[in-house]
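Structural features, examined
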Amino acid sequence: MQAEERRYKIYNYLQEKEFCTLEELSVHLNASTSSIRRDVNHLEKNGLIRRTHGGARLTDRLEPGNMLAAPNMTVLADVKKEIGICCASLISPGQTIIMDGGSTVYSVAQRLMSKHPIVITNSLPIANLYSSYSQVEVHVTGGVIYPRLGVLTGPNAVEGFSKIHADVAIMGAGGLTLDEGVTNTHALLIDMQLAMIRAAQKVIFCMDSTKLSRRSLFFLCGASYIQTLVTDSGADPKFIKALRNKGIDVHIAGEKPAES
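Please read all numbers here as calculations on a predicted model, not as lab measurements.

**What about the overall build of the protein?**
Secondary structure assignment for the protein yields nine helices and 15 strands. When burial is assessed residue by residue, the protein has 53% of its 260 residues classed as buried. Restricting to contacts in the protein with at least 6 residues of sequence separation, those with at least 24 account for 62%. Only carbon and sulfur atoms are counted for the fraction: they give 50% of the accessible area of the protein, which is about 12200 Å².

Take a look at the structure:
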């Protein structure tokens with residue numbers, strides 16, 4: 001397992017556990033304690049977690065500078081870049097786009113400027129990204145800041161989406177299985193994400209391959225809610241085939257589309 005993938009898995013594991021020891025991470029990832037220690041130090045340096053005596057925990061809040069950059073951007077960065085390029089290619093100029101929080105959706109946002117979209121988001125990093133681009137119209141939901149992820153949530157934010165009709169919603173998630181559908185690690189975000197899905201004519205989920213065939217903590221929606229999935233070449237071909245058999249339009253980032 002490459003260091004970048006280990007760091008991704010460490011961060012996701014801490015999302016569920018809040019705190020764990022280095023030995024626990026070593027067993028969970030089948031890696032040496034010294035490798036885990038280096039990974040934890042790297043994640044702490046990037047403001048994603050905090051070292052404690054003999055272990056690690058999630059940061060209680062994002063540092064002010066990190067609030068303006070999507071959390072977890074350095075983990076699987078090259079994969080997220082490819083997914084961002086692929087997803088952006090599916091968007092037509094001038095479309096109204098709902099954009100979820102999270103680092104993978106942020107990677108899509110980085111590559112949409114030339115499409116001059118109208119963007120509706122609860123993500124503070126995405127709103128900040130577009131703040132200096134006069135040709136991108138940005139609408140930010142109301143609500144309460146969830147500091148760990150840099151997003152707005154709560155009843156006011158959810159209610160705002162009931163009055164919106166968008167062309168596309170670009171969503172992230174924590175896991176996708178054939179039987180249980182889409183799941184996520186943060187219970188506070190479920191109502192918000194469901195409101196985003198209901199407000200859009202088309203729903204695109206962007207998930208790297210480590211999240212496929214994986215169940216996260218909280219149920220979001222069935223696989224039938226996904227019209228399009230963008231993932232990377234690490235995805236299991238059998239799983240991708242099964243998704244396509246369900247009628248989901250799957251795009252593999254970095255792959256050339258098949259010629260007709």
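**Quick word on the environment of Ala88**
By secondary structure assignment, the location of Ala88 is in helix 4 (residues 77-88). Separated by 82 residues in the primary sequence, Ala88 and Ile170 have C-alpha atoms spaced 9.8 Å apart. Excluding residues within four positions of it along the chain, Ala88 makes contact with Val108, Arg111, Leu112 and Lys115.

**Describing the sheet that holds strand 2 (residues 49-52)**
Taken in spatial order, the three strands line up as 1-3-2 in an open sheet, and their pairing is antiparallel. Two strands lie at the open edges of the sheet, namely strand 1 (19-21) and strand 2, each paired on one side alone. Pairwise comparison of adjacent strand axes, ignoring direction, gives a mean angle of 25 degrees for this sheet. Helix-sheet contacts for helix 2 (residues 22-29) involve strand 1, strand 2 and strand 3 (55-58), and the interaxial angle to strand 1 is about 85 degrees. Packed on one face of the sheet, helix 3 (residues 33-45) meets strand 2 and strand 3 and runs near 130 degrees to strand 2.

**A word on the packing of helix 2 against helix 3**
Remark: helix 2 packs on helix 3, axes separated minimally by 9 Å, with the N-to-C direction vectors making an angle of 110 degrees. Classified by the angle between their axes, helix 2 and helix 3 sit roughly perpendicular to one another. Residues Leu22, Leu25, Ser26 and Leu29 of helix 2 lie in contact with helix 3, whose contacting residues are Thr33, Ile36, Arg37 and Val40. By residue class, the composition of the contact of helix 2 with helix 3 is five nonpolar, two polar and one charged.

**Comments concerning the confidence of the model for the protein**
Residues at a pLDDT of 70 or more form 89% of the protein, whose mean pLDDT is 85. Contacts for the low-pLDDT stretch residues 61-69, under 50 throughout, to residues beyond four places or in other chains number 18 contacts.

What counts, and at which threshold
- Residues numbered from 1 in each chain as written.
- Predicted model: local features only at pLDDT ≥ 70, side-chain atom pairs only at ≥ 80, totals over all residues.
- Heavy atoms only, no water.
- Helix = DSSP H or I, 4+ residues; strand = E, 2+ residues; numbered from the N terminus.
- Buried < 20%, exposed > 50% of the residue type's maximum accessible area, 1.4 Å probe, protein only.
- Contact = heavy atoms within 4.5 Å.
- Areas by Shrake-Rupley, 256 points an atom, 1.4 Å probe, with all protein chains shown as cover.
- Pairing = 2+ DSSP bridges.
- Axes fitted to C-alpha atoms, helices over the stretch in contact; angles between N-to-C directions.
- Parallel < 35°, antiparallel > 145°, perpendicular 65-115°, else oblique.
- Nonpolar A, V, L, I, M, F, W, Y, C, P; charged D, E, K, R; others polar.
- pLDDT = per-residue confidence, 0-100.

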